[in-house]
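Residues per chain, in single letters:
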Amino acid sequence: MKIDVLKLVYYSPTGTTKRVLEGIAQGIKNGTFEQIDLTSPDAGSYNFHGGLTIIGAPVYGGRIPKIAEDRFKRLKAEEALAVVVTVYGNRAFEDALLELRDLAVEAGFKPIAGGAFIGEHSLSNKDTPIAPGRPDEVDIEKAKEFGRKIKEKVETISSTIDVEPINVPGNYPYRERGKRSDLIAPKTREDLCTKCGRCAEVCPTTAVSMEDTVMTREEDCTLCHACIKNCPTGARVMEHPLVKKAAQWLATEYSKRREPEIFF
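Since the structure is predicted, the reported quantities are computational estimates derived from the model, not experimental observations.

A.B. asks: So what about the sheet that holds strand 2 (residues 34–37)? Which residues, and what values?
C.D. replies: Spatially, 2-1-4-6-7-12 is the arrangement adopted by the 6 strands of the open sheet, whose pairing is mixed. Single-partner strands in this sheet number two, and they are strand 2 and strand 12 (261–263). Neighbour-to-neighbour, the strand axes of the sheet open up by a mean angle of 15 degrees, direction not taken into account. Two strands pair when backbone bridges link them, and strand 4 (residues 52–58) and strand 6 (residues 80–88) are joined in this way by 7 bridges, in the parallel orientation. Its bridge partner being in strand 6, Leu-52 is matched across the sheet by Leu-81. Across the sheet, helix 1 (residues 16–28) is in contact with strand 1 (6–10), strand 2, strand 4, strand 6 and strand 7 (109–118); its angle to strand 4 comes to roughly 155 degrees. Where helix 3 (residues 96–107) meets the sheet, it contacts strand 4, strand 6, strand 7 and strand 12, and its direction lies at approximately 155 degrees from that of strand 6.

A.B. asks: Tell me what's going on with the packing of aromatic side chains, and back it up with residues and numbers.
C.D. replies: Per the stated rule, a full pass over the model turns up 7 aromatic pairs. Ring centres 5.6 Å apart and planes at 50 degrees place the aromatic pair Tyr-88 and Phe-93 in the tilted group. Taking 6.1 Å as the distance between ring centres and 40 degrees as the angle between the ring planes, the aromatic pair formed by Phe-117 and Phe-146 counts as tilted. Of this pair, Phe-117 sits in strand 7 while Phe-146 sits in helix 4 (residues 137–155), placing them 29 residues apart in sequence. The buried category is assigned to Phe-146, whose relative accessible area is 1%.

What counts, and where the lines are drawn
- Residues numbered from 1 in each chain as written.
- Predicted model: local features only at pLDDT ≥ 70, side-chain atom pairs only at ≥ 80, totals over all residues.
- Heavy atoms only, no water.
- Pairing = 2+ DSSP bridges.
- Helix = DSSP H or I, 4+ residues; strand = E, 2+ residues; numbered from the N terminus.
- Axes fitted to C-alpha atoms, helices over the stretch in contact; angles between N-to-C directions.
- Contact = heavy atoms within 4.5 Å.
- Phe/Tyr/Trp six-rings, centres within 6.5 Å; stacked < 30°, edge-to-face > 60°.
- Buried < 20%, exposed > 50% of the residue type's maximum accessible area, 1.4 Å probe, protein only.

Given below as structure tokens:
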């Protein structure tokens, strides 16, 4: 088969998953490819017929974020091949890739390859760096090489009818999602805030809104840190001691560089 249609579908609050998928796509196909960003609260439902779709999501505590799961369930496919990709912050991807593969199968896709790549952890900062700057140039080159191998595999497929979903690591039942006993969300330093509204624009759950000051509905915050990573003045900060403790632990225990893993 030839890859006439290539689409990227992703949930990527801080942009790391998007960058990995774009690298893979560059290895598959020279030229343009369609991107469908499910990060936005306005993301709709989508149908896919034929072609190849790369589906990507970050890993939160060994799972796909619940909000991403809900948005992936809006996808419907027929005779469409897929590649599933998770991006994690240098600790572990655990059941997330298996979960994403299962979501793809449930939607009607036929996953032929999978990958677990590393991206800068959402809790990473100058004091507690956790995979800072990743995906870096080495990661993107590996993503392109993965894309070239995907293209080679697709060219060996004559029909989607007999394609079986790939096997990827993971366990059933999936790891239980972490439960938050406290309402935790980033805060705004009023002395640095210019009220540009960027934090509200990038929030995947509309938990952040602009009124006279920046308002955050803590119960809707997923701790993706998109508002922190995108704030141009550093006004959005995470001050909760539990999160700071977790960041310090990750920076200490998971500082050794991990490399992408791919599955066919």
